Structures are given as C-alpha cells and as structure tokens.
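# Survey of secondary and tertiary structure
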Amino acid sequence: MFERVLSFLRDLPASETKPSADDPRVAASALLYHVMNADGVRQDVEWERFKEILAETYSISGDELDALAAAGERADNEAIDLYAFTSVLKRHLDAEARKAFIGLMWEIVYADSELHELEDNTVWRVAELIGVERQDRIEARRKAAAEAPDARGTSSDE
C-alpha cells in the first residue's frame, strides 16, 4: 500500500513554469521543510532525511532535487500560514495518500530521535487541515518513533 501512495505522489503534476505553492510537490516540500524547522533547530540529519524523502517520493536527484528542496524552503519562508500548502495537498491527495504524507512528516520529526512539542503541534495542525483523523496521526507517529533510533518524547495526544 505504501508503494501505491508513493506512486501516487510521484505522479502528481508538476508545474511547467516556476515552481509555486500551488504545485503539490512544492506544497509537500514546504510542509516537510516547515516541520523540520518547527523546533527552531535544523540538524544535518533532519536536512538529509528531508532530501531523502523528496528524492524517494518524487524519484528525483541532483539539480532537480535541490530545486524542489529550495522551492519548498522559499515557499515556507514566504508563507503566512500552512493553509496555502494544506489546501493544495487536500485537493490532490486521496485519504490514504494524506495519511502517508503525515507519516513522512513524522519521519522528519524523528530523524533527530527527538520529539519537540512544536513539531508535534505542527503535524497535528497539518493533519487536521488535510483531514487525517487523530488515530491515524497517532499511529503514524508511533510507527515513525519505533523506526527511529533512540526516539524520545511523547505526544500531547496521548
């Protein structure tokens, strides 16, 4: 099932012009970038996981990967809120793909083996905005935490 979701994400249309927040790939990149920086500290391991997720999800590398990462960073830095990005994903992703996206966010959160309350809150807000149920968000968090080495932290959900 996860491969099917990744396939769906890969097939999202990319804007032919300059990447914008309306491009679902840029919206996804911006949200992943946002959660990576939610605690105010961007560690190298988080940046690497962010780029790995983009590379795996969209089957890209090199300049194309760097451009998508930069577009996500730029979009996040210019955004007033998360709605611009979440509304794009909600229009382009089905329920299973939205759940899988929340799982990718948790992977970035736990890349540094720590859960900060601001990261937890960011994933909670994104999940609410894209229509992912609480139990699905918690299950995705548990899975990411279990796969992270020496994961610490608790969720305010529990």
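These remarks concern the structure in this document. In this convention, every chain numbers its residues from 1, walking through the sequence in written order. In view of the model being predicted, local features appear only for residues whose pLDDT reaches at least 70, and side-chain atom pairs are presented and counted only at 80 or more, with totals across whole chains, interfaces and linings using the full set of residues. Remark: hydrogens and water are excluded; side-chain values derive from all non-hydrogen atoms of the structure.

Another aspect to go through is the overall build of the protein. Looking only at helices and strands, the protein has eight helices and zero strands in total. Only protein chains enter the accessibility calculation, which uses a 1.4 Å probe; a residue is then buried when its area is under 20% of its type maximum, exposed when over 50%, and partly exposed in between. Burial status across the protein gives 48% buried among its 158 residues. What makes two residues a contact is simply this: any of their non-hydrogen atoms within 4.5 Å. For the protein, contacts bridging at least 24 residues in sequence account for 69% of all contacts bridging at least 6. Each helix is a run of H or I in the DSSP string that is no shorter than four residues. Each strand is a run of E no shorter than two, and both are numbered from the N terminus.

Quick look at the side chain of glutamate 46 now. Residue placement: glutamate 46 occurs in helix α3 (residues 44–58). This count recognises Lys and Arg as positive and Asp and Glu as negative, with His and chain-terminal groups excluded. One speaks of a salt bridge when a side-chain nitrogen belonging to Lys or Arg is within 4 Å of a carboxyl oxygen belonging to Asp or Glu. Although buried, glutamate 46 forms no salt bridge, and the nearest oppositely charged side chain, arginine 42, lies 7.0 Å from it. Polar contact criterion, stated in full: a pair of N or O atoms within 3.5 Å, where within protein one must be able to donate a hydrogen and the other to accept it, and residues adjacent in sequence count only if both atoms are side-chain atoms. Within the local environment of glutamate 46, its side chain forms a polar contact with the backbone nitrogen of glutamine 43, the two atoms lying 2.8 Å apart. The contacts of glutamate 46, once residues within four sequence positions are left out, are Met36, Asp39, Val41, Ile108, Ala111, Asp112 and Glu119.

The next point concerns the pattern of salt bridges. If you walk through the whole model with that rule in mind, you get seven salt bridges. With a shortest N-O distance of 3.8 Å, lysine 99 and aspartate 136 are connected by a salt bridge. One end of the pair, lysine 99, is in helix α6 (residues 95–109); the other, aspartate 136, is in helix α8 (residues 134–147), with 37 residues separating them in the sequence. Residue aspartate 136 is classed as partly exposed on the basis of its relative accessible area of 23%. When salt bridges that share partners are traced, they join Arg49, Glu52, Glu56 and Glu107 into one network.

What follows deals with α6. The span one expects for a helix is its residue count, reduced by one, times 1.5 Å. Taking 1.5 Å per residue, 15 residues should reach 21 Å; α6 reaches 21 Å between its end C-alpha atoms and fits that length. In terms of residue burial, α6 counts as a mostly covered element, since eleven of its 15 residues are buried. Residues of α6 that are buried: Ala97, Arg98, Ala100, Phe101, Ile102, Gly103, Leu104, Met105, Trp106, Ile108 and Val109.

Okay, the nonpolar core next. For this analysis, a nonpolar core means a set of buried residues of the types Ala, Val, Leu, Ile, Met, Phe, Trp, Tyr and Cys, connected via side-chain atoms within 4.5 Å. Core analysis: the largest hydrophobic core is formed by 44 residues, its most contacted members being Leu32, Phe50, Phe101, Ile102 and Trp106. Listed by contribution, the elements that provide at least two residues to this core are α2 (24–37), α3, α4 (62–78), α5 (83–92), α6, α7 (117–130) and α8. Residues within four places of phenylalanine 101 in sequence aside, it is in contact with Ala28, Leu31, Leu32, Leu89, Leu93, Val126 and Ile130.

Moving on to α5. For α5, the full list of buried residues reads Phe85, Thr86, Ser87, Val88 and Leu89. Where α5 is buried, its residues contact α2, α4, α6 and α7.

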